[in-house]
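Reading the structure
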Amino acid sequence: MHFETTAIHAGQEPEETTGAVVVPIFQTSTYAQTAVAEHKGYEYSRTQNPTRGAMETCLAALEGARFGLGFASGMAATSTAMTLLSQGDHVVSSNDVYGGTYRVFEKVFRDFGIDFTYVTTADLAEVEAAMRPETKLVWVETPTNPLLQITDIAGVSAIAKKHGAWLGVDNTFASPYFQRPIEHGADFVVHSTTKFLGGHSDVVGGAAVTDDPEIHEKLAFAQNAMGAIPGPFDSWIVLRGLKTLGVRMDRHESNARRIADWLEKHPRVRKVLYPGLESFEHHEIAKKQMSGFGALISFYVEGGVDEAVAICGKTKVFTLAESLGGVESLIEHPGKMTHASIPPEVREPRGLGDDLVRLSVGIEHIDDLLADLDEAMKG
Ligand SMILES: *Cc1c(COP(=O)(O)O)cnc(C)c1O
């Protein structure tokens with residue numbers, strides 16, 4: 001079955017009692033039992049809920065894996081995944097990870113006796129050098145935010161396996177439509193379904209997917225034990241988003257390519273970061289492991305911070321906002337918005353200066369998007 005068909009049908013058989021074509025929102029906390037401890041596989045909605053189950057089944061199928069688990073947010077999925085570890089374990093992580101991921105690693109899990117080393121995972125030699133006997137997990141985000149750095153998933157997987165560690169990949173930026181890390185050797189994948197999977201900026205959610213029964217068993221136990229689950233309605237919203245993921249991603253991507261090409265020729269732009277551009281540092285590895293390059297573009301503006309901030313304030317179709325992955329185009333200034341918590345002396349050497357602007361390209365008409373940017377960048 002092809003991706004688009006799976007997205008519409010996996011886990012979504014017509015409902016048994018009524019034949020409802022769309023999975024109903026089973027807004028219930030509990031389920032009647034026919035006799036003591038005899039039930040239909042559903043006891044209590046933290047543990048199992050049919051609407052959440054449909055979303056979990058569909059998402060696992062889209063990642064090419066057997067097991068999926070839904071969470072209340074991307075951070076809930078990541079935090080629950082950390083229960084794979086114990087005190088004394090060590091994690092090698094991408095240094096350009098989502099800010100909330102870095103925060104939960106450093107401010108929560110470090111206090112539980114887990115150690116973290118941050119490296120440029122795009123450089124496999126750095127990953128290899130950071131591995132220790134107690135390294136249990138390698139954590140990769142690819143592409144990263146906002147610099148869109150690409151890590152060779154198969155390459156890191158080989159290193160992790162050699163050292164007996166798991167590889168977890170945050171696949172939020174690419175979505176399974178463009179990248180399926182488990183097919184490249186990742187042991188599990190996490191998502192913020194808030195972004196492309198939900199796709200309409202109207203829900204916060206997360207997921208973890210694996211093809212490894214042992215990992216699944218541990219994560220499913222922790223999902224129920226810790227309880228950071230999505231409600232039936234939020235699960236339904238994400239499931240509805242999944243149905244159109246393919247068509248949305250195609251449009252996100254074709255719009256983004258046009259805008260990246262246009263920006264690259266713009267006299268007020270110093271440099272464009274987009275994995276689909278031949279000029280992009282990691283273009284070759286992106287081409288190898290992704291079937292498309294996504295909707296996020298970052299670019300450096302000539303003239304520095306004032307110019308960058310001015311452009312962010314002038315667009316009319318691009319909304320000035322954090323987050324990404326919805327049908328509407330967004331613009332933001334990472335230095336003063338999403339990445340403001342990283343001190344300038346740490347972020348600037350990494351290329352995250354105040355002359356950087358980030359776009360999440362939506363699925364509006366390309367001519368309107370280009371006209372909007374053209375107007376905002378006239379000066
Ligand atoms: C948004 C995001 C998260 C966190 O997800 P929430 O749903 O906001 O908790 C994690 N990773 C990446 C790459 C993200 O963009």
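Residues numbered from 1 in each chain as written. Predicted model: local features only at pLDDT ≥ 70, side-chain atom pairs only at ≥ 80, totals over all residues. Heavy atoms only, no water.

For the protein chain, the assigned domains read domain 1 (3-243) and domain 2 (246-376). Between domain 1 and domain 2, the C-alpha centre-to-centre distance is 26 Å. Facing 30 residues of domain 1, the contacting portion of domain 2 comprises 39 residues. Both faces combined, the contact of domain 1 with domain 2 buries some 2800 Å², and carbon together with sulfur accounts for 59% of it. Considering only the surface of domain 1 that becomes buried against domain 2, Leu 147, Phe 178 and Phe 196 emerge as the three largest contributors, covering 27% of it. Across the domain 1-domain 2 interface, the total number found is 2 salt bridges. Broken down by secondary-structure element, the contributors of at least two residues to the side of domain 1 that touches domain 2 are α7 (175-178) and α9 (232-243). (Domains from an automatic or database assignment. Contact = heavy atoms within 4.5 Å. Buried area = accessible area lost by both parts, 1.4 Å probe. Salt bridge = Lys/Arg side-chain N within 4 Å of Asp/Glu carboxyl O. Helix = DSSP H or I, 4+ residues; strand = E, 2+ residues; numbered from the N terminus.)

With that settled, the discussion passes to helix α14 (residues 366-376). For α14, the full list of buried residues reads Ile 366, Leu 369, Leu 370, Asp 372, Leu 373 and Ala 376. Axial view of α14: buried residues confined to an arc of 160 degrees, hence all on one face. Where α14 is buried, its residues touch α10 (245-264), α12 (305-314) and β12 (356-360). (Buried < 20%, exposed > 50% of the residue type's maximum accessible area, 1.4 Å probe, protein only. Arc of directions from axis to C-beta.)

Counting 68 residues, the largest nonpolar core has Ile 259, Leu 263, Val 272, Ile 297, Phe 299 and Leu 359 as its most contacted members. In this view, Val 272 contacts Ala 260, Leu 263, Glu 264, Leu 277, Ile 297, Ser 298 and Phe 299; residues no more than four positions away in its chain are not counted. By size, the runner-up hydrophobic cluster in this structure holds 23 residues, among which are Leu 85, Val 97, Ala 208 and Leu 219. (Core = buried A, V, L, I, M, F, W, Y, C linked by side-chain atoms within 4.5 Å.)

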